[in-house]
Amino acid sequence: MAGGAGERLQPLTRGRSKAAVPFGGKYLIIDFTLSNCINSGIRQISILTQYLSDSLHKHIQNGWGISGSRLGDYIYCVPAQQKVGTDWYRGTADAIRQNLDLIKGKAGDPVLILSGDHIYKMDYRQIVAYHEMKKADLTISAVRVRAEEATGRLGVLEEDQEHRVVGFYEKPTPPKTIARVPEHVLGSMGVYVFRAGTLREALQEPGDDFGKGIIPKAISRGLSIFAYDYEKENKIEDFVVEVKDGTRHKILVDRTRDSSYWKDIGSIDSYYEASMDLVSIDPPFNLYGEKWPVRAYERSLPPSKFIFGGKTLDSMVSDGCIISGGMVWKSILSPGVVVERDASIEESIIFDDVSIEPGARIKRAIIDNGVRIKSGVSIGYDLEEDARKGCTISDKGIVVVPEGMVIGHD
């Protein structure tokens, strides 16, 4: 499911869908879900798109070309086509309803439905095995989330002692908390495993969203619905690095720390915080594993270079960047960024092909593709002035410069 508008991520979603927003320098958000699929051995994937999907379609075509008719592998983008009636996708369930022709196989076969706009690592084989062990009609992957973070944003589950789902509430205000952990709720990750027959039957009922209509009705009908404890059950095997006496040692572990990491980056502030996680000394989400790689489309660019004393500290720098006498600290640079002499970037996320001219200063900001920051300009130091320049200011004071802007002293 990659058709979301991502309204709370504006202006980053002004010209792209939420799933197509860059993350971590060279990736798009959808790359994390797709990488989970490939790493889980799932190679028959349909991506349902709708909102501003052009850049997403190009990314899939250029970076995820596994389709092969002889092998049966494919990743296809499926835009809204009005297959059923004259409406576009009216919600998550309606998007599946309009594409039931894509679901082949027997009534008991599992169908995996995923959200394409979260950051996490998950071995989907494990939740499918759990689903089959429980003989469930539907299994919902769930994670504990602080109540204030879930309020009005996430679907919330209620389960019994056997992890059977007895209630589902779509983005409630306030949400129902977990009795034994009252400051947390059991949040839906947007990861569902249905029996194919159950899914077809459920979609005969009215209701355009899984959370608002389909799942609550399935609970009331007494279907066998279970919660999958993602934080407890999900296990990603990979190497971790330990340093002893100055020597790095790789150790294979059966469950990495980020096996329980999950982020819904649905707002500017949550996006920014998840990005800053990546540049911490010991990041809670590791992009450097070997056995569970995150794949992406990569432009053919030369290595980055640092000249005239340019420095980058505690940061991630993608290919094609030139740091020419500038200073970058605790930031993420996407491909093709140029930082000129005496310019400084602190705690910021810079998208593709941004030009930071001499003496410019940027702090706690997100700069979208193709922006030019002219000489001597400051971003992130005077929020009222940044707003007057046409920037968006988040609730926590993160400055977002929209795509293609040229910001000077005018």
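Above this text sits the structure in question.
The following paragraphs examine the structure supplied in this document. Bear in mind that the values here come from a model prediction, so they are computed numbers and not experimental data.

Observations regarding the overall build of the protein
Across its full length, the protein carries 10 helices and 31 strands. On the principal axes, the C-alpha backbone points of the protein span a range of 65 × 55 × 55 Å. Across the 410 residues in the protein, those meeting the buried criterion constitute 51%. If you take every contact in the protein between residues at least 6 apart in sequence, the share linking residues at least 24 apart comes to 56%. Mean positive and mean negative side-chain charge positions of the protein (52 and 57 charges, respectively) differ by 3 Å.

Some remarks on the sheet that holds strand β18 (residues 322-324)
Read from one edge to the other, the open sheet built from six strands follows the order β15-β18-β21-β24-β27-β31, with strand pairing classed as parallel. In this open sheet, the two edge strands, each paired with only one partner strand, are β15 (305-307) and β31 (406-407). Where strand β24 (residues 355-356) and strand β27 (residues 372-373) come together, two bridges link them in parallel fashion. Among the inter-strand pairings, Ile356 is bridged to a residue of β27, identified as Ile373.

As for the side chain of Asp73
Here Asp73 is to be found in the loop between α2 (54-63) and β4 (74-79). Asp73 gets classed as buried once you look at its relative accessible area, which sits at 15%. Polar side-chain contacts of Asp73 include one of 3.1 Å to the side chain of Arg43.

Focus: the packing of aromatic side chains
The way to describe two aromatic rings as a pair is by their centre distance and the angle between their planes. By the definition in use, this model includes 11 aromatic pairs. A centroid spacing of 5.7 Å and a plane angle of 75° characterise the contact between Phe23 and Tyr271, whose relative ring orientation is edge-to-face. Of this pair, Phe23 sits in strand β1 (residues 22-23) while Tyr271 is found in helix α9 (residues 268-278), placing the two residues 248 residues apart along the sequence. Comparing Phe23 with Tyr271 shows no difference in burial state: the two are buried. An aromatic cluster is built from Phe23, Tyr27, Phe32, Tyr261, Tyr271 and Phe285, whose rings are joined through pairwise contacts. Sitting over the ring of Phe239, Lys250 keeps its end group 5.3 Å from the ring centre.

What counts and how
Residues numbered from 1 in each chain as written. Predicted model: local features only at pLDDT ≥ 70, side-chain atom pairs only at ≥ 80, totals over all residues. Heavy atoms only, no water. Helix = DSSP H or I, 4+ residues; strand = E, 2+ residues; numbered from the N terminus. Buried < 20%, exposed > 50% of the residue type's maximum accessible area, 1.4 Å probe, protein only. Contact = heavy atoms within 4.5 Å. Lys, Arg positive; Asp, Glu negative; His and termini not counted. Charge placed at Lys NZ, Arg CZ, Asp CG, Glu CD. Pairing = 2+ DSSP bridges. Polar contact = N/O pair within 3.5 Å; in protein donor to acceptor, adjacent residues only side chain to side chain. Phe/Tyr/Trp six-rings, centres within 6.5 Å; stacked < 30°, edge-to-face > 60°. Lys NZ or Arg CZ within 6 Å of the ring centre and 35° of its normal.

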